[in-house]
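Residues per chain are reported as follows:
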Amino acid sequence: MDYIVTTLDNLVHQTAFFNLTWGNYLMIAVACLFLYLAIAKGFEPLLLTPIAFGMLLVNIYPDIMLHAEDAANGVGGLLYYFYKLDEWAILPSLIFLGVGAMTDFGPLIANPKSFLLGAAAQFGIFAAYFGAIALGFNDKAAAAISIIGGADGPTSIFLCGKLGQTTLLGPIAVAAYSYMSLVPIIQPPIMKLLTTEKERKIKMEQLRPVSKLEKILFPIIVTIVVCLILPTTAPLVGMLMLGNLFRESGVVRQLQETAANALMYIVVILLGTSVGATTSAEAFLNWDTIKIVVLGLIAFAFGTAAGVLFGKLMCAITHGKVNPLIGSAGVSAVPMAARVSQKVGAEADPSNFLLMHAMGPNVAGVIGTAVAAGTFMAIFGVF
């Protein structure tokens, strides 16, 4: 009888209920909230669902992220090995390969001025950098945090790993991906505040047709120019342009389809769950995390505002030929930010079609954020 009681007692104490803290329960509740937003509200479910589930798993069973060196048998937890691919910058680079294979760079080629709008939206990154310094973060941590302002999760993870700020990777990545998911909520009020109804109704001229040769040469030329100037951008810009070359060359359709579909979704699963699994209660519930989340929101708002204001400047210079709303798409949340520009413009005039015009700054924003990350790496001598 004693043996049975002891066995039952051991079984009961092996359950998670006896090992979890109030922080774990709070993070489980946050994970469930994220799952609700992803599934019921449709807030970027491809990103938010794996992130939320990784968050759920690590707060129920922390050993799923157990480091190999801390394990008695030398074998780490399942998501630890996924996470190492983040640290090694493999998954963020593969995400860029998939984005390149999925994205049409034609609107950017047809309207090179879009590069200026993409560059203007990077102002949020530098605003966040100086804000982080002011809040007591060291220079490398501030640089890693600042990329949230570009609304670019993979680049945030990439730079965080390269600068050795892995202790901040969880809060930074979750903040970046959360704000990417919340683009349709965060951006419209800022866009409407900074523009008049007349500006929002501006109809832009149809973009010129882009030849196949231009589309093939563009990723090659961008890779050569950008990587010669900033070699540290090669993993991100190189993979982005390789994916786009797969798409535009027309001779490797199988590679393009694999990069844009099967590989992309596999990488999203690995990256999303591992990012979510960095948000254990011990690592996530602290003042630094709160500062990062606030800085990320401020940076994202600044980036959106800078893009719209530069759009207003271009509108004035061109005598009303540029709709300032497309400037908000300069953040690199592809293609969500471009869709928001279209939506806000259509609210002012249902016959207005801004999507393709907004895709130019949107793609430029992806390149701009990668260049910003490369610039920080060059400043700190990291390769």
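Remember, it's a predicted structure, so these values are computed and weren't measured experimentally.

1. Regarding the packing of helix α3 (residues 45–60) against helix α11 (residues 169–181)
Link 1 in the chain: Two numbers describe how α3 lies on α11: the axes approach to 10 Å, and their chain directions differ by 145 degrees. The element α3 and its partner α11 pack so that their crossing is left-handed. Residues L47, L48, I51 and M55 of α3 touch α11, and the partners they reach there are V174, Y177, M180 and S181.
Link 2 in the chain: Broken down by class, the residue content of the contact of α3 with α11 amounts to 7 nonpolar, 1 polar and no charged.

2. A look at the packing of aromatic side chains
Link 1 in the chain: Applying the stated criterion across every chain, the model contains 8 aromatic pairs.
Link 2 in the chain: Centre to centre, the rings of F105 and F218 are 5.7 Å apart; their planes meet at 85 degrees, and the pair counts as edge-to-face. On the criterion of sequence distance, the pair formed by F105 in the loop between α5 (90–102) and α6 (106–110) and F218 in helix α14 (residues 212–229) is long-range, its members being 113 residues apart.
Link 3 in the chain: The exposure class assigned to F105 is buried, which follows from its relative accessible area of 2%.
Link 4 in the chain: With a centroid separation of 6.5 Å and 20 degrees between ring planes, the pair formed by Y179 and F300 is classed as stacked. Of this pair, Y179 sits in helix α11 while F300 is found in helix α18 (residues 287–317), placing the two residues 121 residues apart along the sequence.
Link 5 in the chain: Here Y179 falls in the buried class, since its relative accessible area comes to 8%.
Link 6 in the chain: Each residue in the set F126, Y129, F130 and F376 is aromatic and connected to the rest through ring pairs, giving one cluster.
Link 7 in the chain: Taking the ring centre of F137 as reference, the NZ or CZ of K291 above it sits at 5.8 Å.

3. Here's the deal with empty space enclosed by the protein
Link 1 in the chain: Enumeration over the complete set of coordinates arrives at 1 cavity of 30 Å³ or more.
Link 2 in the chain: Here the largest cavity is characterised by a volume of approximately 40 Å³.
Link 3 in the chain: For the lining of the largest cavity, the elements supplying multiple residues, two or more each, are α3 and α16 (253–276).
Link 4 in the chain: The biggest single contributor to the lining of the largest cavity is α16, with 3 residues.

4. So, the nonpolar core
Link 1 in the chain: Among the nonpolar cores identified, the biggest contains 109 residues, and I145, I148, I172, L240, M241, I292 and F376 are the most heavily contacted of them.
Link 2 in the chain: In terms of residue count, helix α20 (residues 355–379) provides more of this core than any other element does, 11 residues in total.
Link 3 in the chain: Each residue touching F376, except ones within four places of it in the same chain, is listed here: I125, F126, Y129, A143, S146, I147 and L159.
Link 4 in the chain: In this structure, L97, A101, F246 and A260 belong to the second largest nonpolar core, which totals 5 residues.

5. Brief notes about α3
Link 1 in the chain: In this model α3 runs 22 Å from its N-terminal to its C-terminal C-alpha over 16 residues, within 8% of the 22 Å that 1.5 Å per residue would give.
Link 2 in the chain: Here α3 has its buried residues at L47, L48, P50, I51, A52, G54, M55, L56, V58 and N59.
Link 3 in the chain: Tucked into the core, α3 has its buried residues touching α2 (22–39), α11, α16 and α17 (281–284).

6. Considering unusual backbone geometry
Link 1 in the chain: If you check the backbone angles, E44 has positive phi at about 40 degrees while not being a glycine.
Link 2 in the chain: When you line up the elements, E44 lands in the loop between α2 and α3.
Link 3 in the chain: The class for E44 is partly exposed, based on a relative accessible area of 21%.
Link 4 in the chain: Its identity as a non-glycine residue notwithstanding, A89 has a phi of 65 degrees, on the positive side.
Link 5 in the chain: Mapped onto the secondary structure, A89 falls in the loop between α4 (78–87) and α5.
Link 6 in the chain: Judged by relative accessible area, which is 9%, A89 ranks as buried.

7. Comments concerning α5
Link 1 in the chain: Between its first and last C-alpha atoms α5 spans 19 Å; for 13 residues at 1.5 Å apiece the expected length is 18 Å, and the two agree.
Link 2 in the chain: Among the 13 residues in α5, 10 count as buried, and that is most of the element.
Link 3 in the chain: For α5, the complete set of buried residues consists of L91, P92, S93, I95, F96, L97, G98, V99, G100 and A101.
Link 4 in the chain: In this fold, the buried residues of α5 make contact with α4, α10 (153–162), α15 (234–249), α16 and α20.

8. Here's the deal with the packing of helix α8 (residues 123–134) against α18
Link 1 in the chain: For the pair α8 and α18, the least separation of the axes is 7 Å and the interaxial angle reads 145 degrees. Considering the relative orientation of α8 and α18, their crossing is right-handed. In this structure, α8 contributes F123, G124, A127, A128, G131 and A132 to the contact, and α18 contributes L295, A299, F302, G303 and A306.
Link 2 in the chain: Class assignment for the residues of the contact of α8 with α18 results in 8 nonpolar, 3 polar and no charged.

9. Points about the environment of A364
Link 1 in the chain: With respect to the helices and strands, A364 occurs in helix α20.
Link 2 in the chain: A364 gets classed as buried once you look at its relative accessible area, which sits at 3%.
Link 3 in the chain: C-alpha of A364 to C-alpha of A378: the two residues are 14 residues apart in sequence and 21 Å apart in space.
Link 4 in the chain: Those residues in contact with A364 that sit more than four places away from it in its chain are L108, S114, F115 and G118.

Definitions and cut-offs
- Residues numbered from 1 in each chain as written.
- Predicted model: local features only at pLDDT ≥ 70, side-chain atom pairs only at ≥ 80, totals over all residues.
- Heavy atoms only, no water.
- Axes fitted to C-alpha atoms, helices over the stretch in contact; angles between N-to-C directions.
- Helix = DSSP H or I, 4+ residues; strand = E, 2+ residues; numbered from the N terminus.
- Left-handed = near helix turned anticlockwise from the far one by under 90°.
- Contact = heavy atoms within 4.5 Å.
- Nonpolar A, V, L, I, M, F, W, Y, C, P; charged D, E, K, R; others polar.
- Phe/Tyr/Trp six-rings, centres within 6.5 Å; stacked < 30°, edge-to-face > 60°.
- Buried < 20%, exposed > 50% of the residue type's maximum accessible area, 1.4 Å probe, protein only.
- Lys NZ or Arg CZ within 6 Å of the ring centre and 35° of its normal.
- 1 Å grid on protein atoms, 1.4 Å probe; cavity = no way out; pocket = protein on both sides within 12 Å on 5 of 7 lines; lining within 4 Å.
- Points joined across faces, edges and corners; volume = space filled by probe spheres on them.
- Core = buried A, V, L, I, M, F, W, Y, C linked by side-chain atoms within 4.5 Å.
- Expected span 1.5 Å × (residues − 1).

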